[in-house]
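# Survey of secondary and tertiary structure
As a plain string of letters, each chain reads:
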Amino acid sequence: MAREASELAALLGRHGQQHVLAFWDKLSARERVILGEQIAALDFGLLERAQRQDPAAKSEALNLEPEPFIRLPYDAQSVLKWRQARHVGQEALAAGRVAAMVVAGGQGTRLGFDGPKGAFPIGPISRRTLFQIHAEKVLAASRRYAREIPFLIMTGPSNDSETKYFFKQHGFFGLPHDSVKIFQQSQMPAVDMKGKLILDAPDHIFVSPDGHGGSLKALWDCGIAAWLEQRGVDTISYFQVDNPLVSVLDPCFIGFHIEAGAEMSLKLLERSDPDEKLGIWVNNGGAAMVIEYSDMPEAEMHACTPDGSLKYPGGSIAIHCFDVGFVRRLNEKGIALPYHRARKKVAYLDSSGALIQPDEPNATKFEMFVFDALLLAKKTVAVETARAEEFSPVKNAEGADSPETARRDMARQYARWLHSIGVTVRTDANGDPADMIEISPLVADDSETLRMNYCGPNDVRGSLLLAQ
Ligand code: UTP
């Protein structure tokens, strides 16, 4: 039913946003309904809270110290610790206590791919997509632990229906349909430099996804947390869609998380370049947290210990474990994650109704960051992982962190696994595999599994694709 213009005007007027009705007189009845519903659904309280907040850590308020984390095994005792964690994680997986979750709601602007980022063909030879690789890893784990493992996929408004269609079209990559849950995150309106909502069409207010931190809210709002609880799942293994190397259900990481009774945990890698754009693991005034690289004072980013290594060695790669009870606790009283501001270019209508593409950032978008939830967790565990084994994100179309570097890192990983089981792989002058190699997660997702399943040549010459 069409909402009365006077009712909408009064609502908007209370929040200083009357300009949203600038084109009302020119709208058709249908367009008035569309805009009216969008206005009625706006959470002005939330928007005003987001506008007031500035969670970006102020350098003068920081009191930073390094925060320890569990290092990769380095001596006999730590080997035992890792083995024990692995055992705990494997038991949890075999008991059906764990779900895998990928956040895929972003807009993938830098990659510029026409479609959901997860549908990007990344396989070095097969061109299997990011979604297929992740789904096959979940399927491989389900087979290994003889348990159906739920696969949760968070989408955003720009890619939700395409993602659903994509999974359907590909038969859910062999996963049982009802174990795959595709759910959508919320959106937040942006505001211009005067704090005003932005019309990007006469009947539409510009909105964008509310950040990867929105996953903790969406898990609750979409009923996924309750569904997991009913199935006896208490742990979520969380990762980003654009990292084809990620171990989606790492038993060691899950084991450390469960052993410690943590509410939220994270994986870290050794920062190699002080200017690398990774969140940094620190202790700020007694609280263990990830600080955005852009909020870290330059001197601290570069600070070194007397032996020349970085003072803050841990970089966050957005791999987490959550306790489902933590998701419940965070949401029961309304999620309290702060909104971060990002200055962006957003197309807008001018007073004549023409759509203007700005040359400079003209708007503030509001996003929640998942790592801010670490500060709300009663207990967290930080665990190191090896960069070469677990991190090669696809962010840009070319250059660093691009499909080319990710395919190279995938082929390097497969070559290392082959080498570790005694198979010779031809290398080039840089020591990289001379030919393309690809191993489907259904054949092996680590060197141990490859040892059991490998039936290829002992001397690889030419490209090698191992798939089922
Ligand atoms: P990025 O911050 O790299 O954003 O997201 P992006 O959308 O992939 O790429 P750009 O910045 O537009 O080029 C890191 C991860 O968080 C997810 C993304 O899908 C990706 O897996 N994400 C990001 C969400 O799920 N929702 C969001 O609102 C933002």
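What you see is a predicted model; the values in this text were computed from it and never measured.

## As for the layout of surface pockets
By volume, the second largest pocket amounts to about 900 Å³. Elements that contribute at least two residues to the lining of the second largest pocket include exactly helix H4 (76-94), helix H5 (130-145), helix H9 (251-259), strand S19 (380-384), helix H12 (387-390), helix H13 (403-420) and helix H14 (447-453). Element by element, the count of residues in the lining of the second largest pocket is highest for H5, at 5 residues. Of the residues in the lining of the second largest pocket, the class split is 22 nonpolar, 6 polar and 11 charged.

## Topic: the pattern of salt bridges
One pass over the full model with this rule turns up 25 salt bridges. Note that Glu-263 and Arg-329 form a salt bridge whose closest N and O atoms lie 2.6 Å from each other. Remark: Arg-329 occurs in helix H11 (residues 324-332) and Glu-263 occurs in the loop between H9 and strand S11 (264-270); sequence separation between them is 66 residues. Glu-276 is the salt-bridge partner of Arg-387, the closest N and O atoms lying 2.8 Å from each other. In this pair, Arg-387 is assigned in helix H12 and Glu-276 in the loop between S11 and strand S12 (279-284), connecting sequence segments 111 residues apart. Judged by relative accessible area, which is 17%, Glu-276 ranks as buried. Three or more residues are tied together by salt bridges with common partners; here these are Arg-408, Asp-409, Arg-412 and Asp-432.

## Some remarks on unusual backbone geometry
Glycine aside, negative phi is the norm for most residues, and most peptide bonds take the trans geometry. With a phi angle near 50 degrees, Ala-146 is a residue other than glycine that sits in the positive phi range. Mapped onto the elements, Ala-146 comes out in the loop between H5 and strand S3 (151-155). Taking the relative accessible area as the measure of exposure, Ala-146 reaches 68% and is therefore exposed. The residue Asp-401 is not glycine, and still its phi comes out positive at about 50 degrees. Following the sequence through the fold, Asp-401 ends up in the loop between H12 and H13. Judged by relative accessible area, Asp-401 falls into the partly exposed class, the value being 35%.

About the criteria used
Residues numbered from 1 in each chain as written. Predicted model: local features only at pLDDT ≥ 70, side-chain atom pairs only at ≥ 80, totals over all residues. Heavy atoms only, no water. 1 Å grid on protein atoms, 1.4 Å probe; cavity = no way out; pocket = protein on both sides within 12 Å on 5 of 7 lines; lining within 4 Å. Points joined across faces, edges and corners; volume = space filled by probe spheres on them. Helix = DSSP H or I, 4+ residues; strand = E, 2+ residues; numbered from the N terminus. Nonpolar A, V, L, I, M, F, W, Y, C, P; charged D, E, K, R; others polar. Salt bridge = Lys/Arg side-chain N within 4 Å of Asp/Glu carboxyl O. Buried < 20%, exposed > 50% of the residue type's maximum accessible area, 1.4 Å probe, protein only.

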